[in-house]
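# Analysis of the macromolecular model
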Amino acid sequence: MQEDASRGSAPPPGAETGVSQSPAASPGPASRKAVERLLIDYFSKQHDRNLREYLKAKVTTLMLRWVVGLTGVALFLAPIIKVIITEETDRQILGQADGLVFLLPGLLLMVLSGVEPLWSRGWPAPMFLAIGIAAFDVFYFDTGPAWLIALMIGVAAMAFVAAVLSYSYQQKLAPKPLADLEKEIDELTAVQFRDFVRDARAHLPIPAGRLEGPGVLFLKCFPKPGRLNKPDILARIGTDRIPRMSPIGVSAFDFGEHDVLVLEGAVDLKTGDAVYLTAHQFAYQDISAVIWGSDVWPRPAAGVSGSKQMPAKTEAGSGVMPTLSTKKPSVLRLEEFKILLRSTHAVEILFHDGSLAERLEDQDFGRIEDTAKIRAVWDALAKMRMMAPR
């Protein structure tokens with residue numbers, strides 16, 4: 001074992017796939033509130049609502065921009081078309097009040113619709129200018145009653161107030177697309193996993209040199225429901241159908257020369273704290289089997305009464321399964337990775353847990369971790385077990 005401690009955590013043959021991730025800077029106290037806000041916005045779907053409102057405002061602004069532009073074109077072309085199609089109309093009308101009453105506001109509206117910075121903060125500011133142009137046109141050329149001018153000025157004033165508010169309170173940056181936000185959460189999760197292992201090395205009697213370096217392989221997994229208060233779990237299905245949650249389960253594997261060290265637990269992404277953790281260290285020759293279990297219950301073709309239900313878990317870290325729902329039978333699925341030892345002990349890692357389906361809106365979802373990463377750990381365990389002396 002001394003050789004293991006000095007050698008560190010070099011990856012075994014077959015584990016050199018892109019499973020480990022480069023360390024990144026941990027969120028400091030100043031950014032912890034921003035992280036918490038990001039997670040709450042994501043899991044409560046407030047970000048989705050903000051994004052929808054932003055896109056809706058963008059569409060409204062675009063439509064009004066086209067309306068202003070097309071109105072300007074129509075006003076500008078109206079006297080020109082009249083001169084072309086009406087023989088008795090003199091071209092000199094274009095330079096007179098009868099022509100300028102259309103040409104001038106039309107030209108200004110076309111210019112207004114083409115100035116991008118005016119529309120970058122929404123429609124209120126350009127609409128204030130557009131209504132102001134109309135009011136000036138009516139006043140200067142005396143083409144309407146006084147009450148119409150007063151009405152236009154009142155509407156322009158309301159547009160001006162809306163423009164001031166939009167510039168004062170509108171977000172400087174547009175909400176990120178949901179997929180980009182999920183990528184940011186995945187990067188945050190990787191950082192928290194590194195911190196989880198670092199803290200475990202500091203507080204647990206882990207041998208020096210273990211669980212360090214790029215050879216440590218991380219697997220995301222479901223937290224064990226028996227060790228968490230389920231209503232407190234924040235969870236949702238991502239745009240890639242991969243569930244994301246907080247607390248989130250983590251398993252870190254360090255393959256030594258003669259043994260493997262497995263650290264498993266769950267991390268609260270909002271605080272960065274470990275909710276629970278367990279360390280396992282065992283020799284490769286003590287592994288009796290590596291098992292993948294996949295169950296769906298009740299069977300899609302069967303009713304609830306005749307379906308084969310999963311037995312309640314008795315291992316530490318597992319809880320009694322909740323009452324099954326008949327809404328979406330295919331959602332109630334369990335996928336787990338077991339490392340059985342020659343003793344009665346076993347390491348169980350959940351990659352799909354149907355007992356949390358109600359936390360995921362009873363929708364079907366995919367495996368929480370990439371299959372290639374799971375396969376890399378599986379292959380490493382199988383190969384090192386075969387190479388271990390009996």
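Worth saying up front: this structure is predicted, and the values here are computed from it rather than measured. (Residues numbered from 1 in each chain as written. Predicted model: local features only at pLDDT ≥ 70, side-chain atom pairs only at ≥ 80, totals over all residues. Heavy atoms only, no water.)

Across its full length, the protein carries 9 helices and 9 strands. Expressed as a percentage of its 390 residues, the buried residues of the protein come to 43%. Across the protein, the fraction of contacts at a sequence separation of at least 24, relative to all contacts at a separation of at least 6, is 72%. Counting only carbon and sulfur atoms, one obtains 61% of the accessible surface of the protein, whose full area is about 20,600 Å². (Helix = DSSP H or I, 4+ residues; strand = E, 2+ residues; numbered from the N terminus. Buried < 20%, exposed > 50% of the residue type's maximum accessible area, 1.4 Å probe, protein only. Contact = heavy atoms within 4.5 Å. Areas by Shrake-Rupley, 256 points an atom, 1.4 Å probe, with all protein chains shown as cover.)

Right, let's get into the sheet that holds strand E6 (residues 274-283). Strands sit in the order E1-E4-E5-E6 across an open sheet of 4 strands; the sheet is antiparallel. Since the sheet does not close on itself, it has two edges, and those belong to strand E1 (217-221) and E6, each with one partner. For this sheet, the mean angle separating the axes of adjacent strands, direction not counted, is 15°. As paired elements, strand E4 (residues 248-255) and strand E5 (residues 259-267) share 8 bridges and run antiparallel to each other. Bridge pairing links Ala-252 to Leu-263 in E5. Each of E1, E4, E5 and E6 is contacted by helix H8 (residues 178-203), which is oriented at about 120° to E5, the strand it contacts most. Against the sheet, helix H9 (residues 371-387) touches E1, E4 and E5, its axis set at about 35° to E4. (Pairing = 2+ DSSP bridges. Axes fitted to C-alpha atoms, helices over the stretch in contact; angles between N-to-C directions.)

This paragraph deals with the pattern of salt bridges. In this structure the tally under the stated criterion is 16 salt bridges. In this structure, Arg-37 and Asp-41 form a salt bridge, with 3.0 Å as the shortest nitrogen-oxygen distance. With a gap of 4 residues between them, Arg-37 and Asp-41 both fall in helix H2 (residues 29-43), about one helical turn apart. Overall, Asp-41 belongs to the buried group, its relative accessible area being 18%. The partner of Glu-336 in a salt bridge is Lys-338, with the nearest N and O atoms 3.8 Å apart. (Salt bridge = Lys/Arg side-chain N within 4 Å of Asp/Glu carboxyl O.)

Turning our eyes to something else, we now look at the pairing of strand E8 (residues 333-341). Of all 9 residues in E8, 7 are buried, a share of seventy percent or more. In terms of strand pairing, E8 meets strand E9 (residues 346-353) through 7 bridges, oriented antiparallel. Counterpart to Leu-340 in the pairing with E9 is Ala-346. Count of turn residues in the E8/E9 antiparallel hairpin: 4 residues.

Further remarks concern unusual backbone geometry. Following Ser-246, the chain continues to Pro-247 via a peptide bond in cis, the omega torsion being 0°. By the element assignment, Pro-247 lies in the loop between strand E3 (243-246) and E4. Of note, the phi angle at Lys-45 is positive, near 65°, even though the residue is not glycine. Residue class for Lys-45 comes out partly exposed when judged on its relative accessible area of 26%.

Take helix H6 (residues 124-141) next. If you check H6, its first and last C-alpha atoms are 26 Å apart, about what 18 residues at 1.5 Å a residue would give, namely 26 Å. Regarding H6, the residues found buried are Pro-124, Ala-125, Pro-126, Met-127, Ala-130, Ile-131, Ile-133, Ala-135, Asp-137, Val-138 and Phe-141. Just downstream of H6 lies Asp-142, where phi reads positive at about 55°. (Expected span 1.5 Å × (residues − 1).)

Attention now moves to the packing of helix H3 (residues 46-85) against helix H4 (residues 97-114). Closest axis-to-axis distance for the H3/H4 pair is 7 Å, and the angle between their directions is 150°. For the element pair H3 / H4, the angle class is roughly antiparallel. For H3 against H4, the interelement crossing comes out left-handed. Along its contact with H3, which presents Arg-65, Val-68, Gly-69, Thr-71, Gly-72, Val-73, Leu-75, Phe-76, Ala-78, Pro-79 and Ile-80, the element H4 presents Gly-99, Phe-102, Leu-103, Pro-105, Gly-106, Leu-107, Leu-109, Met-110, Leu-112, Ser-113 and Gly-114. Split by residue class, the contact of H3 with H4 holds 14 nonpolar, 7 polar and 1 charged. (Parallel < 35°, antiparallel > 145°, perpendicular 65-115°, else oblique. Left-handed = near helix turned anticlockwise from the far one by under 90°. Nonpolar A, V, L, I, M, F, W, Y, C, P; charged D, E, K, R; others polar.)

The subject of this paragraph is the packing of aromatic side chains. Two numbers describe a pair of aromatic rings. These are the distance of the centres and the angle of the planes. Scanning all chains against the criterion turns up 5 aromatic pairs. When the centroid spacing of 6.1 Å and the interplanar angle of 20° are considered together, the rings of Phe-193 and Phe-218 count as stacked. Here the residue Phe-193 occupies a position in helix H8, and Phe-218 occupies one in strand E1, the gap between them amounting to 25 residues. Take Phe-193 and Phe-218: they sit in the same class, and that class is buried. Where Phe-337 meets Trp-378, the ring centres are 5.5 Å apart and the plane angle is 25°; that geometry is what we call stacked. (Phe/Tyr/Trp six-rings, centres within 6.5 Å; stacked < 30°, edge-to-face > 60°.)

This part is about the side chain of Glu-335. Relative to the elements of secondary structure, Glu-335 occurs in strand E8. Here Arg-367 takes part through its side chain, which lies 3.0 Å from a polar atom of the side chain of Glu-335. In contact with Glu-335, other than residues within four places in its own chain, are Trp-292, Gly-293, Ser-294, Ile-349, Leu-350, Phe-351, His-352 and Arg-367. (Polar contact = N/O pair within 3.5 Å; in protein donor to acceptor, adjacent residues only side chain to side chain.)

Interpretation note: all reported values are geometric properties and have no functional meaning in isolation.
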